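The lines below spell out each chain.
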Amino acid sequence: MTLTVRVDNSPQPGASAAGGRTGRRDAIYPHRSVRVLPLSLVRVWCGVALAVVITVLSVIYAVPLMELHSRAAAVLAGWAGLPVRGWSPISVFPGLEPASGPVLAIPAFREVSDGARLLLILSIVGLLIVAQRFSLFRNVANFLIVLLAASAVANAVFDSFRLESVTFGQIWLRQEMLVWLLLPWVLLLLFVFPQPSLLRGLLWVTFLQAYGFLFSAVRMVFMLGVLHYTGLIFMPPLWFLLGTLSDLLFVLFFYSLSIHRSSGELWGVRNSWQSHF
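Read on for an overview of the structure. (Residues numbered from 1 in each chain as written. Predicted model: local features only at pLDDT ≥ 70, side-chain atom pairs only at ≥ 80, totals over all residues. Heavy atoms only, no water.)

Residues Val52, Val53, Val56, Leu57, Ile60, Tyr61 and Trp185 make up a contiguous nonpolar surface patch of roughly 630 Å² in combined accessible area. Counting residues per element, the nonpolar patch draws most heavily on helix α1 (residues 41-60), which supplies five residues. With respect to the secondary-structure elements, Ile60 resides in helix α1. For Ile60, a relative accessible area of 55% gives the class exposed. (Patch = residues over 30% accessible without salt bridge, like charges linked within 9 Å, V, L, I, M, F, W, Y side chains within 5 Å. Areas by Shrake-Rupley, 256 points an atom, 1.4 Å probe, with all protein chains shown as cover. Salt bridge = Lys/Arg side-chain N within 4 Å of Asp/Glu carboxyl O. Helix = DSSP H or I, 4+ residues; strand = E, 2+ residues; numbered from the N terminus. Buried < 20%, exposed > 50% of the residue type's maximum accessible area, 1.4 Å probe, protein only.)

This is the structure in structure tokens:
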């Protein structure tokens, strides 16, 4: 035999909660973190329009955009003193071709100098010290140690494997092209909606789209330089740190600057949070 008890918590007619609040709400209040966001149809449509324009232009002018990226990388490689012998045509995606990939020697593990192998050992030792002294970076340091150890084993087993620089450039442009297409929509949510000024939010989106383009060329050249002098030993941690994660980190960095400035305009300074001692 089962006994079922039903409790009726519906408010009685005329009843009210403490403080004069009624027991039933017609709607759920927005959370206080978004309650004062300056959302409006004009703001939403302007942000969406800018994201659509950037995305459409990135698709239409994808080939000139990638060519401009290669030219910027070539200039940076010249400043860094990398012996790039030229730029070879590559196919990024069907219909998005040709792009240009760098022609640069990347040695196999058997051709890597003893200094590069010693640098691998020193990097692992340095990460072990960081993991012991700084608990905040312990998980990241341990993960990088695992990547370096796995890279060392893989390179020792396949010591004749060689990665062509043109292939690296093709993979890099495929990744970054996807980032450039998705970035305006992420920036729309992070920089247009929370900003007190619509114009400022739109400028943030435009600036960060251009910054991401230039930052991609800088990271690509840096990785090419490391690969040219050390081979594939540091490839896994470099790809982890300077790949898509770097795109996410630079967006979050500028988002923190933006939200720090806009929060004072939206909520004001709360003196009750400040110490009076």
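In total, this model carries 16 aromatic pairs according to the counting rule given. Centre to centre, the rings of Trp180 and Phe213 are 5.2 Å apart; their planes meet at 45 degrees, and the pair counts as tilted. You can see Trp180 sitting in helix α5 (residues 165-192) and its partner Phe213 sitting in helix α6 (residues 198-230), a full 33 residues away along the chain. Across the pair, exposure class does not vary: Trp180 and Phe213 are buried alike. Geometrically, the ring pair formed by Phe191 and Tyr255 is edge-to-face, given 6.0 Å between the ring centres and 85 degrees between the ring planes. Pair noted here: Phe191 is in helix α5 and Tyr255 is in helix α8 (residues 244-266), with a separation of 64 residues, a long-range link. (Phe/Tyr/Trp six-rings, centres within 6.5 Å; stacked < 30°, edge-to-face > 60°.)

Moving on, we get to the environment of Trp180. The class for Trp180 is buried, based on a relative accessible area of 2%. Put simply, Trp180 and Ala210 are 30 residues apart on the chain and 9.5 Å apart in space, counted from C-alpha to C-alpha. Filtering out sequence-adjacent residues up to four positions away, Trp180 remains in contact with Ser58, Leu65, His69, Gln209, Gly212, Phe213 and Ser216. (Contact = heavy atoms within 4.5 Å.)

Once that is clear, we can look at the pairing of strand β2 (residues 99-103). Among the five residues of β2, four are classified as buried, and the element is accordingly described as predominantly covered. Both strand β1 (residues 86-90) and β2 contribute to a ladder of five bridges, which runs antiparallel. Note that in β2 the partner of Ser88 across the bridge is Gly101. (Pairing = 2+ DSSP bridges.)

With that out of the way, let us pick up helix α4 (residues 138-157). Between the first and last C-alpha of α4 there are 29 Å, a value that for 20 residues agrees with the 28 Å anticipated at 1.5 Å per step. Looking at the buried side of α4, the elements it contacts are α3 (114-133) and α7 (235-242). (Expected span 1.5 Å × (residues − 1).)

With that out of the way, let us pick up the nonpolar core. Residues Phe168, Met223, Ile233, Phe234 and Met235 are the most contacted members of the largest nonpolar core, which totals 33 residues. Within the residue set of this core, elements represented by two or more residues are α2 (62-80), α3, α4, α5, α6 and α7. Of the domains in this structure, domain 1 (63-106 + 163-267) and domain 2 (108-161) are the two that each give at least three residues to this core. Among all residues touching Met223, those that are not within four sequence positions of it are Phe168, Trp172, Met235, Leu238, Trp239 and Leu242. Counting residues in each nonpolar core, the second largest holds 14 residues, with Leu187, Phe191, Leu202 and Val205 among its members. (Core = buried A, V, L, I, M, F, W, Y, C linked by side-chain atoms within 4.5 Å. Domains from an automatic or database assignment.)

All right, on to the packing of α2 against α6 then. Each pair of packed helices gets described by two things: the angle between the helix axes and the distance between those axes. Following both chains from N to C, one finds α2 and α6 inclined at 50 degrees, their axes separated by 9 Å at the closest point. Compared by their axis directions, α2 and α6 come out oblique. Judged by the sense of rotation from one axis to the other, the crossing of α2 with α6 is right-handed. Along its contact with α2, which presents Leu65, Leu68, His69, Ala72, Ala73, Leu76 and Ala77, the element α6 presents Phe213, Ser216, Ala217, Val218, Met220 and Val221. (Axes fitted to C-alpha atoms, helices over the stretch in contact; angles between N-to-C directions. Parallel < 35°, antiparallel > 145°, perpendicular 65-115°, else oblique. Left-handed = near helix turned anticlockwise from the far one by under 90°.)

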